[in-house]
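Chain and residue survey
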Amino acid sequence: MKQLTKAEEEVMQILWQLERGNVASIINELPEPKPAYNTVSTIVRILESKGFVDHEQKGKGYVYFPVVTKSEYSNQSINKLVNGYFQGSFKSMVSFFMKKNDMNLSELEAILKDIKTEEE
């Protein structure tokens, strides 16, 4: 799976939220200052060429929808982070974030409890 630029990721976040949308509806969800229509249209077409988005024709325009789930992309991004910065060790990553963010033991226990709940 290809990596997304910041702008592409921002558009994908909106499409994951909307589930389906045309360029105008994507622009509507973007923060001010709003980018030009052509800019967003180009980003959506790039996302389509990368295999993240597909479209259906609706009248004279297109409705776009994600074909890669947010979960799939998040998993790939986390794995890339772990492999690139923590030599493939999730333990090293968790340790790093605990130390850098002053995470205490009760917060870690809460995370472990959430993980166990999701596994059940």
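Residues numbered from 1 in each chain as written. Predicted model: local features only at pLDDT ≥ 70, side-chain atom pairs only at ≥ 80, totals over all residues. Heavy atoms only, no water.

**Looking at the overall build of the protein**
Spelled out, the test is: In this description a helix means any DSSP run of H or I spanning at least four residues, a strand means any run of E spanning at least two, and both kinds are numbered starting from the N terminus. Only C-alpha atoms enter the radius of gyration; for comparison, a globular chain is expected to reach 2.2 Å times N to the power 0.38, where N is the number of residues. Areas reported as accessible are Shrake-Rupley estimates using a 1.4 Å probe. Residue values count occlusion only from the protein chains shown. We count Lys and Arg on the positive side and Asp and Glu on the negative side, and we leave His and both chain ends out. We put the charge of a Lys on NZ, of an Arg on CZ, of an Asp on CG and of a Glu on CD.
Scanning the protein from terminus to terminus reveals six helices and two strands. Counting from the amino terminus, helix and strand elements in the protein follow one another as α-α-α-β-β-α-α-α. For 120 residues, the compact-globule estimate of 2.2 N^0.38 gives 14 Å, and the C-alpha radius of gyration of the protein, at 18 Å, exceeds that figure by more than 25%. Across its three principal axes, the protein shows a C-alpha extent of roughly 55 × 30 × 30 Å. Accessible surface, the protein as shown: approximately 8600 Å² in total, 53% of it carbon and sulfur. Separation of charge centres in the protein, based on 15 positive and 17 negative side chains, amounts to 6 Å.

Spatial relationships are all this shows, so hold off on functional conclusions.
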